[in-house]
Amino acid sequence: MNTRSHEALVVGSGIAGVTAAYYLAKRGYAVTIIDRQRHAAMETSYANGGQISVCNAEVWTRAKTVRQGIQWMFDANAPLLMNPTPSMAKFRWMAGFLAAAFTGKYLPNTLKTIELGLRSRDAMRQIMDGENIDYDQSDCGILHIYRNQKALDHAVKMSELMQEHGLERKVVDVDQIMQIEPGLHGARDQLLGGTYTENDFTGDIHKFCRELLERMVARGEVEFLRGREVIRADEQGSHVDVDVETARGEREFHKAKIVVVAAGAESSRRFDALRRYHVYPVKGYSITVEVPPHQLHAMPRVSLLDDERKLVSSTLGNRFRVAGTAEINGWNRDIREDRIKPLLTWVNELFPELDTEIVMRWACLRPMTPTMMPAPYAVTRRIYAHTGHGHLGWTLCAATGEDLAEAVQKSHQPLYA
Ligand SMILES: Cc1cc2nc3c(=O)[nH]c(=O)nc-3n(C[C@H](O)[C@H](O)[C@H](O)COP(=O)(O)OP(=O)(O)OC[C@H]3O[C@@H](n4cnc5c(N)ncnc54)[C@H](O)[C@@H]3O)c2cc1C
C-alpha cells in the first residue's frame, strides 16, 4: 500500500486546525489538513456563541465556581449539569480543575487569557483585512448583564483588573444598558447593571473556518483531506507515522515531518501523546433563530452575555444565535430538549417580538483542559498540540495559532532536518 508524505499535517479543520494551518503556511510550510468530517468545521466550531470575547477571559477555576457547581448539581434547570457516573477521564479532569482552583492558578491564568485574547482579537482583524472574508462579522461590542448584586460587584472588580491589563471593559448602569441595547427594555426591572466591552466583536465561526480554508486551498498553500479519521500518530525519529481510516472504512498510511493535533475534544482520547493534557469534553448547546425580514428590527444590536443564566447571544446576519450551558457528561452528543428549553425561554422572555418558529438546535463538546488554558504546543519533537481552548476557542485561536507556528519554526527550521 502507498504511503503519502506530508511536511506539516494538521489533524482537525475547526478553528484550531485552520488557524494553525494559516500561520504555518505564512511561514512557508506545506500544510495538509485532515478531518474525519466531509466539510470544514462541522463539530465544535460549527454553531458556537459567536463571541470574540476578551471580556469573558476570567477562568472558572476558583473556589466560588466549585461551590456553585456543587449547588447546581441539585438543580435540574441549572446551567451546569453533571452526570455522576464515574470515569477515569472525568476523575482526572475534575482533580486537575480542583487543583487549579485551590493552588493559586486562577489569577495568573486569567491574566494570561486576557493577554492572549487581546493579541488574538488584533490578529483576527489582521486576517479579516488581509483575506476580506464574509462571516457575518459585527463590531457591536459585548454587553454583560447582571441581575444579582454579588455577581455585579465581582464584575466591577474584574472590569478594573481587565482595564489595568489593557481591555476596555467598562461598568454601565441600567440607563446606559438601555441606551446600548434598547431591546432589553422589557427586562429593565430585573437588571442591576452591567459592563460593556466596545471592541469585542462577533462572527460566524463556521463560515470563517470554511472560507479561510477554501482560500488557502485555492492559493495552493494547504491541501484538505476530508472524510478521513486519524486512528494513530506515532513519532518514529525522523517523521511521524499516521494511520487513517476513510469514510468507506479503507485504511491509508501517511507520513509527516510534523503533526499538529487540533482534534478538539478528541485530542487526548485519540492521541496517546496528548493523554497527559486531559482534554475533556464539556458539552454546550446553541439555538439559531432564523429571523424573517419583517422582524429584523427586533434583533438585539449588541452581543449579550447574561451572567446569571450563563448564556451568550450574537446577531449573525439575519440569524440570532443563543448559546451556553455546560454539561459534564462524557462523550454524549445528544441534543436534549430539556437543555434547549432554557435557551428558547430566554429569547422569548427578553425579545418577545422575535418569532422562534424556525430554530436550529445544536450541541457540541468544548475541548477543555483542567486548568482551562490551551494545552502546551510542543508535545514531542514532531508532535504538536493546538487544542484545549474550552469555551474560548473562537476568542483565542488566532494568537495561539501564531504562537504554535512560531514554536514549530523554532525547533524545525528547516523542517526537513
Ligand atoms: C455552546 C458553545 C458555545 C461557545 N461559544 C463560544 C464563543 O462565543 N466564543 C468563543 O471564543 N468560543 C466559544 N465556544 C468554544 C469554541 O467554539 C471552541 O473552543 C472551538 O470551536 C474549538 O475548536 P477546535 O478546532 O479545537 O475543535 P473542533 O471545532 O471540534 O475541531 C476539531 C476537528 O477535529 C476533527 N477530528 C477530531 N478527531 C479527529 C480524528 N481522529 N481524525 C480526523 N479528524 C478529527 C473534527 O471532525 C473537527 O472538525 C463555544 C463552544 C460551545 C460548545
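For clarity, every value in this text was computed on a predicted model and none was experimentally measured. (Residues numbered from 1 in each chain as written. Predicted model: local features only at pLDDT ≥ 70, side-chain atom pairs only at ≥ 80, totals over all residues. Heavy atoms only, no water.)

### Some remarks on a nonpolar patch on the surface
And then number 1: A cluster of nonpolar side chains, namely I70, M73 and F74, defines an oily patch on the protein surface of about 360 Å² accessible area.
And then number 2: Within the secondary structure layout, F74 lies in the loop between α2 (63-72) and β4 (80-82).
And then number 3: For F74, a relative accessible area of 72% corresponds to the exposed category. (Patch = residues over 30% accessible without salt bridge, like charges linked within 9 Å, V, L, I, M, F, W, Y side chains within 5 Å. Areas by Shrake-Rupley, 256 points an atom, 1.4 Å probe, with all protein chains shown as cover. Salt bridge = Lys/Arg side-chain N within 4 Å of Asp/Glu carboxyl O. Helix = DSSP H or I, 4+ residues; strand = E, 2+ residues; numbered from the N terminus. Buried < 20%, exposed > 50% of the residue type's maximum accessible area, 1.4 Å probe, protein only.)

### Notes on the pairing of strand β12 (residues 251-261)
And then number 1: Of the pairings in the sheet, the one linking strand β1 (residues 3-11) to β12 comprises eight bridges and is parallel in character. Of the residues in β12, the one forming a bridge with V10 is V260.
And then number 2: The sheet contact formed by strand β11 (residues 240-246) and β12 spans six bridges and is antiparallel. Bridge pairing in β12 places D243 opposite F253.
And then number 3: With antiparallel pairing between neighbouring strands as the criterion, β11 and β12 make up a hairpin whose turn holds four residues, including G249 at a positive phi of roughly 85°.
And then number 4: Summarising the sheet, β12 and strand β18 (residues 383-385) pair through three bridges and their orientation is parallel. (Pairing = 2+ DSSP bridges.)

### Section: the environment of H386
And then number 1: In this fold, H386 is placed in the loop between β18 and α10 (393-411).
And then number 2: For H386, a relative accessible area of 1% corresponds to the buried category.
And then number 3: Residues H386 and V230, 156 residues apart in the sequence, show an inter-C-alpha distance of 16 Å.
And then number 4: Once residues lying within four places of it in the same chain are set aside, the contact partners of H386 are A16, T19, A20, V260, V261, A262, Y377, C397, T400, G401 and L404.
And then number 5: At 2.8 Å, the side chain of H386 forms a polar contact with the backbone oxygen of A16.
And then number 6: In this structure the side chain of H386 is engaged in a polar contact, spanning 2.7 Å, whose partner is the side chain of T400. (Contact = heavy atoms within 4.5 Å. Polar contact = N/O pair within 3.5 Å; in protein donor to acceptor, adjacent residues only side chain to side chain.)

Distances and angles like these do not, on their own, reveal function.
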